[in-house]
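# Structure assessment
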Amino acid sequence: MRIRNTKKISEFCVISSGGTPSRDKLGEYFGGSIPWVKSGELREKSISRTEETLTEIGLQNSSAKYFPKNTVLIAMYGATVGRTAILEIEATTNQAVAGIVPDKTVADYKYLFHFLRFYAPTLVAAGVGGAQPNISQGILKNVDVPLPPLPIQKQIAAILEKADTAREKRRQANQLTEQFLQSAFLEMFGDPVTNPKGWKSAKLGDILERIDSGRSPVCLERSASLVEWGVLKLGAVTPGRYDDSKNKALPENEKPDEEDEVRAGDVLLVRKNTYELVGRTALVFRTRSKLLLSDLTFRLVFRKEIVTGHYLWQALSHEANQRKIQNLSGGSAGSMPNVSKARLKSLNLLLPPLAAQQKFAALVEKVEGLPASENSPRQAGLRGKQRDSEKQLESLFNSLMQRAFKGEPVF
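Residues numbered from 1 in each chain as written. Predicted model: local features only at pLDDT ≥ 70, side-chain atom pairs only at ≥ 80, totals over all residues. Heavy atoms only, no water.

### Overview of the overall build of the protein chain
- Helix and strand content of the protein chain: twelve helices and 21 strands.
- A burial count over the protein chain gives 47% of its 411 residues as buried.
- Counting contacts in the protein chain only where the partners sit at least 6 residues apart, residues at least 24 apart contribute 73% of the total. (Helix = DSSP H or I, 4+ residues; strand = E, 2+ residues; numbered from the N terminus. Buried < 20%, exposed > 50% of the residue type's maximum accessible area, 1.4 Å probe, protein only. Contact = heavy atoms within 4.5 Å.)

What follows is the structure, given as structure tokens:
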């Protein structure tokens, strides 16, 4: 069914934001029985409890107000700007959160929630401000919402909810697999801080042959096709899992340095980013061709006679070693922290016997995929199949969103 009817959100919704009582009267205004939602809590798609609560007197002495159950919330500014959630309880909010209550005879709240998730990038782009845009109530009230008949809205919301649930279950399965590998690492090698197994240690510089770095030419604002050269973005490494889809196409007039091409088996480390993300490490299990290192990412070329890439990846990814790398990073005021090759080489790592590392590598390969041979390419293991499934579900969900809210049939 094609959606032809649209209305401004202010025509069928009541929109308002909350407030924050004075922190000077913490004991008097906070800690009561009234749930109070802050913008930073809009990370999940529903909210049934809050980190803080207000007292009745705190509510009376602020601009906070009650929102009913099934209110659609949206963060107007802050780190979660544009994020939306459905309120599953009666609650209040702070001033950075707008509550949107639709007329039940005109719009289904779940349909509106999914529409605002879809429309959020446009809202954020329309916001005023610098690094953290501010979505005003004025911007919100002028949003045009496609409104098919109410029964159709509910059908669309149900379809999107089903696709979203499948996507979330796959994501949770991926997280469990990740936790399994981390647990296996600790079981085999022990805590890198306390070193209960008494392993010897070595400087990272003694484990490596060299550290490679690429360059960051001005690229096109799109990903490279399979026949084009591309440069990896930081997002290819920052999750701690290599993602070759995070790249930008190299312009035709830029000659690629093929020595910077990323290959299966490489260990990549983010040398410059925010404090929390500098030092993030990923092992390249498989990759498309024609992708290049940027100057923000190191390739750690390790000595295969003493260390495996699998061990090096997990050791560097351990939270204790991540903190060490963060502490080694520097930078001028106002700039992103970065770690130099010299400082990185000074990092101490535990170095178990190669045979123990190889046993761990075999376990990882069973999870991640079989190694490539001359006669067959790398086959996706459990983790690879999970990632492929997650990408397919993500693509399906995004396609359904596009079709649902751009007037194309979804059923």
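### Some words on the nonpolar core
- Membership of the largest hydrophobic core comes to 33 residues, with the highest contact counts inside it found for Ile9, Ile100, Leu112, Leu116, Leu140, Val145 and Phe405.
- Elements represented by at least two residues in this core include exactly α1 (9-12), β2 (13-17), β6 (72-75), β9 (97-102), α4 (109-126), α6 (150-189) and α12 (382-405).
- The leading source of residues in this core is α4, at seven residues. (Core = buried A, V, L, I, M, F, W, Y, C linked by side-chain atoms within 4.5 Å.)

### Some points on empty space enclosed by the protein
- Within this structure, the stated rule accounts for one cavity of 30 Å³ or more.
- For the largest cavity, the calculated volume is near 50 Å³.
- Residue classes in the lining of the largest cavity are distributed as five nonpolar, no polar and three charged. (1 Å grid on protein atoms, 1.4 Å probe; cavity = no way out; pocket = protein on both sides within 12 Å on 5 of 7 lines; lining within 4 Å. Points joined across faces, edges and corners; volume = space filled by probe spheres on them. Nonpolar A, V, L, I, M, F, W, Y, C, P; charged D, E, K, R; others polar.)

### Some words on the packing of helix α8 (residues 309-317) against helix α11 (residues 354-368)
- Following both chains from N to C, one finds α8 and α11 inclined at 85°, their axes separated by 8 Å at the closest point. As judged from the angle between their axes, α8 and α11 are roughly perpendicular. For the pair α8 and α11, the contacting residues are His310, Tyr311, Trp313 and Gln314 in the first and Gln357, Phe360, Ala361, Val364, Glu365 and Glu368 in the second.
- Partitioning the contact of α8 with α11 into residue classes produces five nonpolar, three polar and two charged. (Axes fitted to C-alpha atoms, helices over the stretch in contact; angles between N-to-C directions. Parallel < 35°, antiparallel > 145°, perpendicular 65-115°, else oblique.)

### With respect to the sheet that holds strand β4 (residues 46-47)
- Pairing is mixed across the open sheet formed by five strands, whose spatial order is β2-β9-β6-β7-β4. Looking along the sheet, the strands with just one partner apiece sit at the ends: β2 and β4.
- Note that β6 and strand β7 (residues 84-87) share three bridges and pair antiparallel. From the neighbouring strand, leucine 73 faces β7, where its bridge partner is alanine 85.
- Those strands touched by α4 are β2, β6, β7 and β9, and its axis lies near 160° from that of β7. (Pairing = 2+ DSSP bridges.)

### Comments concerning the packing of α8 against helix α9 (residues 319-328)
- Here α8 crosses α9 at 70°, and the two axes come no closer than 5 Å. As far as their axial angle goes, α9 and α8 are roughly perpendicular. Across from Ala315, Leu316 and Ser317 in α8, the residues of α9 making contact are Glu319, Asn321, Gln322 and Ile325.
- For the contact of α8 with α9, the residue count by class is three nonpolar, three polar and one charged.

### Some points on unusual backbone geometry
- Its identity is not glycine, yet asparagine 195 carries a phi of approximately 50°, on the positive side.
- By the secondary structure assignment, asparagine 195 is in the loop between α6 and β11 (201-203).
- Its identity is not glycine, yet lysine 290 carries a phi of approximately 65°, on the positive side.
- Here lysine 290 lies in the loop between β16 (281-283) and β17 (291-292).
- Its relative accessible area of 27% is what places lysine 290 among the partly exposed residues.

### A short note on α6
- The end-to-end C-alpha separation of α6 is 58 Å, in line with the 58 Å expected for 40 residues at 1.5 Å each.
- In the segment just after α6, glycine 190 is the residue with positive phi, at about 80°. (Expected span 1.5 Å × (residues − 1).)

### Section: the pairing of strand β15 (residues 267-270)
- Of the two faces of β15, both are covered, the one formed by Val267 and Leu269 as well as the one formed by Leu268 and Val270.
- Bridge count between β15 and β16: three bridges; the pairing is antiparallel. Its bridge partner being in β16, valine 267 is matched across the sheet by leucine 283.

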